[in-house]
Structure formats: structure tokens, C-alpha cells
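The residues making up each chain are set out below.
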Amino acid sequence: MTITKKVFSIMLLSSAIISCSTQHKEINPIDQLYNQMTQEERIAQLHGIHLEQFFNDSNQLDTNKCKALLSNGVGHFSQFAVTQRKTPDQLRDMVEQMQQWLIHNTPNGIPALFHEEVLSGIASYEATVYPQQIGLACSFNPELAEKKTYQTATSLRKIGGCLALSPMVDIIRNPSFNRLEESYGEDAYLSSVMGVAFVKGLQHDDLSNGIAACTKHFLGYGGGGNAEEKELIEEILMPHETIIRLANSKVIMTGYHAIRDTKCVANTYIQKSILRDYLHFDGLTVSDYGSIDQLSEKDAIHRAAAAINAGNDVDFPDGDSYRYLQEAIQQKLVKQETLESAVKRVLKLKKELGLLNKKEQFGASGHIQFDTPEERQTAYQLASQSVVMLRNNGVLPIKESKKIALVGPNANSMWAMLGDYSYHSMRYFWQLELEDDMHPHIVSLKEGLTNKLPQGFSLQYSRGCDWTEKVETIIEDAGDERAAYMKSIQNRKIDSGEEANADEAIRLAVQSDVIIAAMGENVILCGENRDRLHLRLPGEQEQFVEKLIATGKPVVLILFGGRAQVISGIAEKCAAIIQAWYPGEEGGNALADILYGNISPSGKLSVSYPAQELHEPICYNYGLNNDPRIAYPFGYGLSYTTFKYDHLQMENQASILTDRFNVSCEITNTGSVAADEIVQLYLSPIDHPEHFKPIQLQGFKRVSLQPGETKEVHFAVSPHQFSYYNNGEWTIDRGKYQIKIGASSSDIRLSGEIELIGEPQKMPLRTNYFAE
């Protein structure tokens with residue numbers, strides 16, 4: 001360097017110093033806090049611990065145990081509500097005691113993040129149980145779904161919770177996948193819209209009052225990870241992408257599975273190349289429970305290094321591997337800067353949630369009531385809208401005075417209403433604790449039908465058959481490592497507490513005018529780490545239904561469970577079929593109102609309903625019209641009325657550069673019953689078919705119509721919805737496309753052609769994802 005250059009450099013440096021001093025540049029509080037922390041405190045922020053071990057039977061904090069285990073603080077308390085039977089007031093008080101101890105007895109007084117599962121409401125004693133996700137998707141109602149999670153977040157904040165390990169937004173296309181119920185089904189667009197609504201409701205647009213959402217499982221859990229890169233980026237990634245970019249989601253959980261032969265929690269391609277570099281995600285990444293411990297590295301030190309170097313920030317639930325991070329740093333397996341980034345992301349989230357403000361209180365004051373009337377009403381509305389009627393020969397609604405025979409294993413059981421990751425199911429499967437149906441009140445089908453029984457009707461009940469006569473549950477080794485323990489003790493069935501007398505049930509059926517048969521699975525037969533070998537009805541249920549059909553009386557088959565059941569062979573003989581999924585605490589009332597005709601069914605399938613055993617990916621956008629493997633197509637669902645689609649209006653040309661173009665049509669209720677219709681907009685390529693699936697959902701709207709009423713439905717469609725991914729970028733090509741308006745993916749009522757004109761556009765990411 002010459003003298004002149006040196007002088008010039010010094011002048012620049014002096015100028016920078018003067019500039020900094022005159023601007024009084026503030027020190028980043030996260031940096032300042034990090035610099036104050038010891039290495040032990042920093043590492044403690046990257047793992048969790050369970051709350052209940054620190055309290056005695058009187059819910060008083062054991063400070064000696066805190067000193068022994070929490071002297072450096074802790075980042076998280078894992079599943080703090082579901083692991084114990086505590087009232088909201090008790091949970092709030094326990095969280096408060098712990099937070100205050102951490103503030104006053106650890107070096108920097110950093111409060112912890114308390115997280116819980118909230119898939120169908122808070123997994124907590126007395127909390128509202130909403131319909132399971134797969135059913136909720138069938139409502140096609142993101143506004144009501146957002147209201148649900150807003151209520152959930154409000155209640156969780158009251159007891160001191162601030163992070164939700166939900167939603168699951170995996171695209172599930174294998175009908176037999178045992179966790180399908182936690183997803184929104186097979187379609188990327190629907191899953192994205194519903195996922196964005198879920199997260200917006202949770203986070204309240206203000207994390208200081210809301211709950212941080214954690215989307216999972218990144219990326220491609222349930223089979224999507226095996227997709228080619230084009231499908232992986234265009235569809236499997238889309239729910240995560242939209243939730244991050246449109247709803248500002250703060251936390252991502254990786255899955256147990258592998259992509260490109262590397263477990264997701266230690267996978268640099270998905271956590272750095274896709275998540276950080278492509279999506280520019282700046283939030284927190286966390287492991288699924290115990291997934292770091294499942295890595296093949298030789299010991300915990302190397303497992304911790306593999307995970308954090310790949311981009312995973314936090315080791316859930318207990319930090320069994322990350323507690324060795326200091327050793328990994330000392331052995332030069334991990335850089336200090338890598339630890340620093342992870343710790344600062346935890347601290348940043350705590351700051352955004354308001355935890356780093358000096359707080360005197362972390363929960364609500366006074367008595368906390370879970371399951372308020374407002375929450376129950378939302379649960380009822382969602383249940384009413386998520387039920388899908390698959391078949392009806394006119395027997396429904398049951399209007400005239402009738403003798404009704406109610407039979408089946410799911411007729412008088414709370415397990416017909418409760419899916420996996422609800423409080424009851426998690427307590428029963430993982431902790432062998434049986435909870436009652438009164439905290440909250442779970443309305444069974446029998447109770448709903450009895451309470452709403454019209455005058456002049458009669459209802460008689462006999463269980464008739466059990467879910468299974470022998471144990472059919474298979475406990476998987478994959479996934480949550482706690483299942484290995486469950487496998488040794490899980491040779492059991494749910495005890496209904498009732499006799500299943502087939503002869504008695506058949507006698508009632510013979511004496512009736514109509515038979516309601518409540519069949520299907522329960523949480524032991526399907527869910528995380530548990531499965532069956534086939535998709536037909538469990539046990540001897542199918543044979544029992546055949547006997548009911550043989551009476552000659554009309555059979556209304558109601559199917560409960562977290563996935564479609566193969567019912568070909570008996571479906572054709574039933575007078576009506578309803579897919580109820582797991583409809584939540586108000587499911588009995590919602591179904592009763594549908595069966596008696598107080599409301600019309602309005603749900604539409606969020607999956608392609610199989611006609612035969614399928615153990616491979618299948619999706620309507622593969623082009624499945626007239627496919628014999630499919631009994632009922634995606635988007636399908638019957639009503640008690642009929643709808644006329646008319647007057648499609650749309651432009652025949654639109655510029656690639658335009659923000660949006662308009663598509664509209666008229667929908668008329670041509671029947672005599674008030675009802676909702678879900679109008680669906682699909683896109684099909686005319687030019688460039690090599691770049692697109694044959695048909696793809698690109699918009700929908702739930703419309704309420706009185707008899708004879710007509711409404712105009714408008715969609716504002718973006719050219720970005722016509723883009724495709726290729727070689728690392730998105731392209732909008734000029735060309736012709738078909739816009740289709742339908743009542744399902746195979747029931748297209750109106751269609752028109754539009755041509756995109758102008759120069760093709762390339763972009764690194766899409767901006768507009770949804771029709772408005």
C-alpha cells in the first residue's frame with residue numbers, strides 16, 4: 001500500500017469513527033445479552049426440559065431441584081401442559097413460579113419459552129377440542145380456521161405458553177399414511193391457504209400478545225421428500241414458503257425422515273440451501289423430539305455437531321445431544337460462530353414474544369376459564385362444515401317421524417371425536433392415562449342425537465360390535481423414540497366400557513325405520529407411531545355392516561377416523577355415507593343437526609378418497625378422472641340442495657405483467673334448503689403442458705345461499721399462479737391456459753380460455769400465491 005493510500009484509509013476510518021460517535025449508534029440488545037452470558041448459559045438456551053419434575057404434589061416449586069438442574073437457565077419447557085392433569089389456574093401458577101425463579105436466580109435472568117401442541121386446540125386439561133386438521137381442511141374456510149387459532153393463542157397465553165408446535169403442513173398423498181389426519185390433505189394450494197390462516201390466528205400479528213407458530217415437518221414428511229426437485233419446490237415446499245413469507249412464521253421443525261439419504265435434522269440442503277438461502281428464513285429451527293439422537297454419528301458430541309452445523313438451532317425435547325456442544329467446540333467440530341447464531345435466534349424470538357421485558361406476570365390474573373361458550377361455538381361451526389356427505393339416496397335428512405337404531409363402536413364414545421395430538425389421545429397413548437369426557441365436555445353422537453331428537457322420533461342404541469376383536473395396532477420403530485418403550489407394553493385395545501352384542505343390535509335394526517351405523521378407527525388404530533396393515537374397516541366392522549344391510553332397512557354409514565377408509569363393496573348398498581373424520585368436542589351436536597336436517601352438509605374432500613387399498617402417492621392433480629382407484633374425487637361433497645353455476649366472466653387475454661385479472665361467475669341455490677357451496681377454481685395448461693400438472697386448484701370460496709338466492713363470486717387471479725419452477729428460478733410464460741370453475745376437481749361446471757401475453761418473466765421467488 002502506498003503512503004497516499006494509507007493516509008486515505010486512515011481518513012476513511014477516522015470519518016467512520018466520527019460518524020459512529022455522532023450518530024450514537026445503539027448496541028443491539030441481543031448482542032449485548034449474548035456477550036454477558038457464560039458459555040454454559042448459551043448452550044442451555046438450545047435445549048429444553050420438562051416442567052412437572054420441578055413441582056411437588058401441592059404444585060409448589062422445588063427450588064433445590066431448580067438450583068441443581070437450572071443454574072444456567074434453560075431455553076424451553078417442553079409440552080408443559082399435556083404431560084400432567086392440571087387446571088388452567090394451576091398451570092398458570094406453575095409457569096409463573098418457574099419464570100420468576102429463572103429471572104431472580106440465574107445469571108442473566110432469562111425467562112424460558114413454554115411450548116405445547118395446539119393442532120386441534122391446546123393439548124391441555126379442560127381446553128377446547130376442535131376438529132382434527134384433515135376434517136378442518138374439508139371446511140375450505142380459512143376465516144373460521146383463523147378464528148379458531150386466535151382463540152387457541154389467547155387461551156395459551158393466559159397460562160403462560162408462548163410457542164405452539166403446530167401446524168403440521170406436510171402434503172400427504174399416500175392414503176394409508178398413519179399421520180395423514182394431522183395434515184390438510186394432498187393439495188399444496190389448500191394446505192397453504194389453511195396453514196397461513198392457522199399461523200395468522202396464532203401469532204395475532206403481534207407476537208407480544210400472540211403465540212409463535214412452529215410449522216412442521218420440514219421438508220416432505222409423509223412421502224413428499226421423495227419427490228423430484230420440481231414437485232418438491234412447487235408443491236411440497238409451498239405451505240412452508242407461504243407461511244414464512246405471508247404469515248411471518250418464526251419457527252420451523254424438521255422431520256424424522258431423510259432427504260437425499262440424509263436425515264432432515266442434519267441436512268444442509270434443506271436447512272441452509274432451501275430454508276435460509278432460498279426462502280431467506282431468519283427464524284428458529286428446532287428438531288423433532290429425539291431426532292438428533294437418531295443420527296448415525298458415533299456419539300452425542302458428533303450428533304450435536306452434525307445437527308447444528310447443518311442449521312438446526314434447538315435440540316428438543318431435553319437437549320440430550322446439545323448438552324455436549326462445548327465438547328464439540330473444543331474438538332473443533334463446531335465453530336463458536338455457529339453456536340452464537342443459534343443462541344441469538346432463540347434470544348431474538350424471546351424478545352419478540354416480550355419475554356425479555358421486565359415482567360411481573362407471565363399469565364392472566366384471576367380465574368382462567370378454558371372452553372368458553374365462544375370457543376365451543378367455533379368448534380361446532382367447524383365440525384358442521386368439515387363433515388362430508390359422500391352418498392345419499394334420499395334417506396337424509398331424517399325428516400318424518402322415524403324409529404332410529406343407532407349402532408356401532410363409534411356411536412357412544414368420545415374416541416370418535418378425538419384425533420391424535422388432542423389432550424386425551426396424547427395422555428392415553430404416551431402416558432397410559434385415561435381422561436374423562438367432561439374436561440372439556442365431549443359430545444358423543446348418541447348424546448347429540450338424543451338431545452336434538454325431534455318430536456315423534458324414537459332412538460334406540462346398541463353397540464353391536466367393537467372396533468376390533470383382537471389387537472390390530474402395529475407400533476412403528478420410526479419417529480418418536482418413546483415409541484420403542486410403548487412397543488413393549490402396547491398390546492392393548494381401547495376398552496369401551498360397553499358390551500358389544502351383535503344379536504341385540506340386529507334386533508333393534510330390524511324394528512327400526514332407519515339404521516345409523518357409526519364405524520371407523522380410533523386413536524390407537526391410527527396416529528403417530530401406530531398403524532394397521534390395511535385401510536378397510538377394522539376388526540369385524542364390515543361384516544357387521546353387511547348384517548345391517550341384510551335387514552333391508554336403510555343404513556346411514558358414518559365413518560370416523562383420521563384417514564379415508566376403503567368401503568367399496570358395502571358403500572353401494574348403504575343408503576347414505578358420511579365421512580365425519582374426528583370432529584372434535586361438538587361433533588355429536590354437529591352430526592345430529594346434519595342428520596336431522598337442521599343444517600345441510602357442506603364439507604368437500606381434501607383428499608382423493610380411495611376405492612381400493614393404496615400405499616403409494618396419489619393426487620387429483622396427477623390427472624385422475626375416471627381412475628378406478630378413486631371412489632370420490634378431491635373437492636367432492638354432497639348437499640341437501642342443488643346449485644347452478646352460470647355466467648362465467650373473464651378476460652380472454654391478460655398481460656404477464658398485470659397484478660391480477662378477474663374471473664367471476666354466478667351461483668344459485670336451486671333447491672329448497674339453505675346451504676353453503678364451495679366454489680373451486682382450477683387451472684389447466686393448454687400450451688406448455690410439460691411444465692404443469694393437468695389440473696391444479698388455484699382458488700376457492702365458501703358461499704352461503706338461501707333457497708333461490710343467487711350470488712356472484714369473484715376471483716382476482718395473479719399471473720404468478722401460472723408460474724413454474726425450473727433450474728432454480730420461476731418463469732411465467734406467455735401462452736394459453738384454461739380456467740375451470742367446479743364443484744369438485746372432476747365436476748367442472750364452467751370453463752374459459754385465457755392467453756397470457758408479453759415477454760416471459762423470470763423471478764427468484766413468487767410474490768402472489770393465492771387468488772383473492
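All of these numbers come straight from a predicted model, not from anything done at the bench. (Residues numbered from 1 in each chain as written. Predicted model: local features only at pLDDT ≥ 70, side-chain atom pairs only at ≥ 80, totals over all residues. Heavy atoms only, no water.)

Enquirer: Summarise the overall build of the protein; cite the residues concerned and give the values.
Expert: Scanning the protein from terminus to terminus reveals 21 helices and 30 strands. Taken over the C-alpha trace, the protein has a radius of gyration of 28 Å; the compact-globule value for 772 residues is 28 Å, and the two agree within 12%. Seen through its C-alpha atoms, the protein measures out along the principal axes to roughly 100 × 70 × 50 Å. Long-range pairs, those at least 24 residues apart, make up 79% of the contacts in the protein with a sequence separation of at least 6. Surface summary for the protein: the accessible area is close to 28,500 Å², and the carbon and sulfur share equals 47%. Between the averaged position of the 72 positive side-chain charges in the protein and that of its 97 negative side-chain charges there is a distance of 2 Å. (Helix = DSSP H or I, 4+ residues; strand = E, 2+ residues; numbered from the N terminus. Rg over C-alpha atoms; globule rule 2.2 N^0.38 Å. Contact = heavy atoms within 4.5 Å. Areas by Shrake-Rupley, 256 points an atom, 1.4 Å probe, with all protein chains shown as cover. Lys, Arg positive; Asp, Glu negative; His and termini not counted. Charge placed at Lys NZ, Arg CZ, Asp CG, Glu CD.)

Enquirer: How would you explain the environment of valine 74 if you had to name every residue and give the values?
Expert: Secondary-structure assignment places valine 74 in the loop between helix H4 (63-69) and strand E2 (76-77). For valine 74, a relative accessible area of 1% puts it in the buried group. The residues touching valine 74, leaving out its near neighbours within four places in the chain, are Ala44, Gln45, His47, Gly48, Ile49, Pro111, Ala112 and Lys350. (Buried < 20%, exposed > 50% of the residue type's maximum accessible area, 1.4 Å probe, protein only.)

Enquirer: I'd like a description of the pattern of salt bridges, backed by residues and values.
Expert: This structure, assessed with the given rule, holds 43 salt bridges. As a salt-bridge pair, glutamate 616 and arginine 629 come within 3.2 Å of each other at their nearest N and O atoms. Remark: arginine 629 occurs in the loop between strand E18 (609-610) and strand E19 (630-632) and glutamate 616 occurs in the loop between E18 and E19; sequence separation between them is 13 residues. Where salt bridges share partners, they join Glu472, Glu521, Asp531, Arg532 and Arg563 into one cluster. (Salt bridge = Lys/Arg side-chain N within 4 Å of Asp/Glu carboxyl O.)

Enquirer: So, the nonpolar core: which residues are in play, and what are the values?
Expert: Considering soluble globular proteins, one finds that nonpolar side chains tend to be buried as a cluster. In terms of nonpolar packing, the biggest core is built from 113 residues, with Phe77, Met98 and Ile274 touching the most fellow members. If one sorts the elements of this core by residue count, helix H8 (residues 188-203) sits on top with nine residues. Of all hydrophobic cores here, the second largest spans 82 residues; its members include Tyr256, Ile329, Val407 and Ala564. (Core = buried A, V, L, I, M, F, W, Y, C linked by side-chain atoms within 4.5 Å.)

Enquirer: Break down the confidence of the model for the protein for me, with residues and values.
Expert: Residues of the protein with pLDDT of at least 70 account for 95%, and the chain-wide mean is 94. Low pLDDT (under 50) marks residues 1-22, which in the prediction has three contacts with non-local residues, meaning those over four places away or in another chain. (pLDDT = per-residue confidence, 0-100.)

Enquirer: A description of unusual backbone geometry should follow, citing residues and the corresponding values.
Expert: It is generally the case that most residues other than glycine have a negative phi and that most peptide bonds are trans. For the bond running from serine 166 to proline 167, omega is 10 degrees, close enough to zero to count as cis. Tracing the chain through its elements places proline 167 in the loop between strand E4 (163-164) and H8. Here leucine 396 and proline 397 are connected by a cis peptide whose omega angle stands at -5 degrees. Looking at where proline 397 falls in the secondary structure, it is placed in the loop between strand E10 (388-392) and strand E11 (403-407). Phi at histidine 204 is positive, roughly 60 degrees, even though this residue is not glycine. With relative accessibility at 15%, the residue histidine 204 sits in the buried group. One non-glycine residue, histidine 280, adopts positive backbone phi at about 60 degrees.

Enquirer: Break down the side chain of histidine 204 for me, with residues and values.
Expert: Assignment of secondary structure puts histidine 204 in the loop between H8 and strand E5 (212-218). Among residues more than four places away in sequence, those in contact with histidine 204 are Tyr150, Ala153, Thr154, Asn209 and Gly210.

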